[in-house]
Amino acid sequence: MSMTPEDMRALAEARGGTVNAPAARPTTPEQQPFYDDPYLAYGRAKYGTVEGTLGGTAITPTTTTATTTTTTTDATTTASTGFEARADARNTIRAVLATYGLSGLSEKLYNLYATGTVNINNPDALIFAIRDEPEYQTRFAANAARAKKGLSELDPGSYLQLENSYRQLLQSNGLPPGFYDKTEDFTALLEGDVSPQELQTRVQQGFRAVQDADPEVKRQMQELYGVSEGGLAAYFLDPTKAAPILTRQAEAAKIAARAKEQGNIQLQFATAEEIAARGITAQEAEQGFTALGLQQGLFTEMIGEQALTQQQKVGAALGYDVEAQRQLAERRGTRKAAFQGGGGFTKTTGETSGTVQTGLGVAE
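If you're wondering where the values come from, they're calculated on a predicted model, not measured in any experiment.

Observations regarding the overall build of the chain
Along the chain, the regular secondary structure elements total 19 helices and five strands. Across the chain, contacts joining residues at least 24 apart in sequence account for 55% of those joining residues at least 6 apart.

Here's what the structure looks like:
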């Protein structure tokens, strides 16, 4: 049995105490039936009818229109989402895009941010929102070529870091001002996936090895590969040419220079590259070509002798063609025997110098 307020007050007075009446509950005419009859409230919630029964009259929903008061401030508020743009967002976006050379897209990106489309605190989201814009595609042009080659796309941060590494490396190696110091200059290197380490190899063992060498080495680069001194940097930095091949060509030019100076022979590029590929340095080759020059008569065929190719003569002089060395030794023995027997294997090479070509070498 439930107690009325009057019953509770009488009980309290009998015990010597007081009881305050419960605070009145705020109600509206529409709410009062629910307080009077909890079962009616349950039925209406269950069946959605006025009578709270299965067959009762359906409750008609009441539409309430909310009123929003907007206060104008420095920030931008979107009524539909309740998103409020930061007052400094425009400057922040402009500063971020300026580091990428994309200041022209700052207003577009700000508008996306102001509508709550892009989170300014997520740099990846900012970039993703503009990556299909023509300005972005032009600035990071190497990514399209990389994708066609099956290479991964570089995010702007990695892209700029590689550009800066290239620039610092080339400047530290003394490349001329204005050469490979612009954004467009690095596109080919990025497309070719050239690492800073590989670029260092190209510069040090390729370009600098020839650029800093004597004039004959540069002349041999022109003779063997058609590369003038002015085109050396572009040639050795071309990412379509493999770095190991360029390094070998630079060494081949130095070897060919020593052959011309010491042995008075012009090597073909295939012969010069073969020597380099065998691991013979220009300094080591110089000794062999010096010996070849001193024995020029022996290396020159006379009537009735088996001819040797240039590759055989060079191989014999540098010690890697054993068969050619054997043939030259046999030639030497034949000529020596003929000379000692009074044969005609001698001739004067200078009218007054007294220099005599014996067929075995040069004698004074």
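Here we look at unusual backbone geometry
Residues other than glycine seldom take positive phi values, yet Asp 193 does so here, at roughly 60°. You can see Asp 193 is positioned in the loop between helix 10 (187-191) and helix 11 (196-211). For Asp 193, a relative accessible area of 43% translates into the label partly exposed. For Asn 264, which is not glycine, the phi torsion reads 55° and is therefore positive. Within the element layout of this structure, Asn 264 appears in the loop between helix 14 (243-263) and helix 15 (269-277).

Quick word on the pattern of salt bridges
Any two side chains of opposite charge can pair, given that their charged atoms come close. For the structure on display, the rule yields 22 salt bridges. Here the residues in one salt-bridge network are Glu 301, Glu 305, Lys 313, Arg 331 and Arg 335, joined through shared partners.

Digging into the packing of aromatic side chains
For the structure shown, the criterion picks out seven aromatic pairs. The interplanar angle of 85° and the centroid separation of 4.8 Å between the aromatic rings of Phe 140 and Tyr 159 together place this pair among those described as edge-to-face. Residue Phe 140 is found in the loop between helix 7 (134-139) and helix 8 (142-148), and its partner Tyr 159 is found in helix 9 (residues 156-172); the two are separated by 19 residues along the sequence. One aromatic cluster is present, formed by Tyr 100, Tyr 136, Phe 140 and Tyr 159 through successive ring pairs. We note Arg 139 situated over the ring of Phe 140; from NZ or CZ to the ring centre the distance is 5.1 Å.

A look at the packing of helix 14 against helix 15
One can describe the packing of helix 14 onto helix 15 by two numbers: an axis separation of 8 Å at closest approach and a directional angle of 110°. Judged on the interaxial angle alone, helix 15 and helix 14 are roughly perpendicular. Note on packing geometry: the crossing formed by helix 14 with helix 15 is right-handed. Contact residues: Arg 248, Gln 249, Glu 251, Ala 252, Ile 255 and Ala 256 in helix 14; Ala 272, Glu 273, Ile 275, Ala 276 and Ala 277 in helix 15.

Thoughts on helix 6 (residues 123-130)
Counting along an α-helix, one turn takes 3.6 residues, and residues three or four places apart therefore face a common direction. Taken together, the buried positions of helix 6 are Leu 126, Ile 127 and Ile 130. Buried positions in helix 6, seen along its axis, are confined to an arc of 90° and lie on one side of it. Seen from the open side of helix 6, the exposed residues pointing more than 90 degrees away from its buried face are Asp 124 and Phe 128. Contact partners of the buried residues in helix 6: helix 4 (89-99), helix 5 (106-114), helix 7 and helix 9.

Some points on the environment of Gly 174
Tracing the backbone shows Gly 174 in the loop between helix 9 and helix 10. With 29 residues separating them along the chain, Gly 174 and Val 203 place their C-alpha atoms 9.8 Å apart.

Quick look at helix 5
Within helix 5 the residues assigned to the buried category are Ser 106, Leu 109, Tyr 110, Tyr 113 and Ala 114. Looking down the long axis of helix 5, one finds its buried residues gathered within 135° of arc, a one-sided arrangement. Immediately downstream of helix 5, the backbone of Gly 116 shows phi near 80°, a positive value.

Focus on the nonpolar core
In this structure, Leu 170, Leu 199, Met 221, Phe 236, Leu 267 and Phe 289 are the most contacted members of the largest nonpolar core, which totals 72 residues. Excluding residues within four positions of it along the chain, Leu 170 makes contact with Leu 175, Tyr 180, Phe 186, Leu 199, Val 203 and Leu 237.

Side note on the side chain of Glu 216
You can see Glu 216 is positioned in helix 12 (residues 215-225). With residues up to four places along the chain from it excluded, the contact list for Glu 216 reads Ala 257, Arg 258, Lys 260 and Glu 261.

As for the confidence of the model for the chain
When pLDDT is averaged across the chain, the result is 78; 70% of the residues are at 70 or more. Note that residues 62-75 has pLDDT below 50 and, in this model, three contacts with residues that lie over four places away or in other chains. Every residue in residues 345-358 is under pLDDT 50, and counting partners more than four places away or in other chains gives 29 contacts.

Topic: the environment of Lys 313
Within the element layout of this structure, Lys 313 appears in helix 18 (residues 310-318). Each C-alpha atom of the pair Lys 313 and Leu 292 lies 8.3 Å from the other, and the pair is 21 residues apart in sequence. Apart from residues lying up to four places away in sequence, Lys 313 is in contact with Leu 292, Phe 299, Glu 301 and Leu 308. Polar side-chain contacts of Lys 313 include one of 3.3 Å to the side chain of Glu 301.

Calculation criteria
Residues numbered from 1 in each chain as written. Predicted model: local features only at pLDDT ≥ 70, side-chain atom pairs only at ≥ 80, totals over all residues. Heavy atoms only, no water. Helix = DSSP H or I, 4+ residues; strand = E, 2+ residues; numbered from the N terminus. Contact = heavy atoms within 4.5 Å. Buried < 20%, exposed > 50% of the residue type's maximum accessible area, 1.4 Å probe, protein only. Salt bridge = Lys/Arg side-chain N within 4 Å of Asp/Glu carboxyl O. Phe/Tyr/Trp six-rings, centres within 6.5 Å; stacked < 30°, edge-to-face > 60°. Lys NZ or Arg CZ within 6 Å of the ring centre and 35° of its normal. Axes fitted to C-alpha atoms, helices over the stretch in contact; angles between N-to-C directions. Parallel < 35°, antiparallel > 145°, perpendicular 65-115°, else oblique. Left-handed = near helix turned anticlockwise from the far one by under 90°. Arc of directions from axis to C-beta. Core = buried A, V, L, I, M, F, W, Y, C linked by side-chain atoms within 4.5 Å. pLDDT = per-residue confidence, 0-100. Polar contact = N/O pair within 3.5 Å; in protein donor to acceptor, adjacent residues only side chain to side chain.

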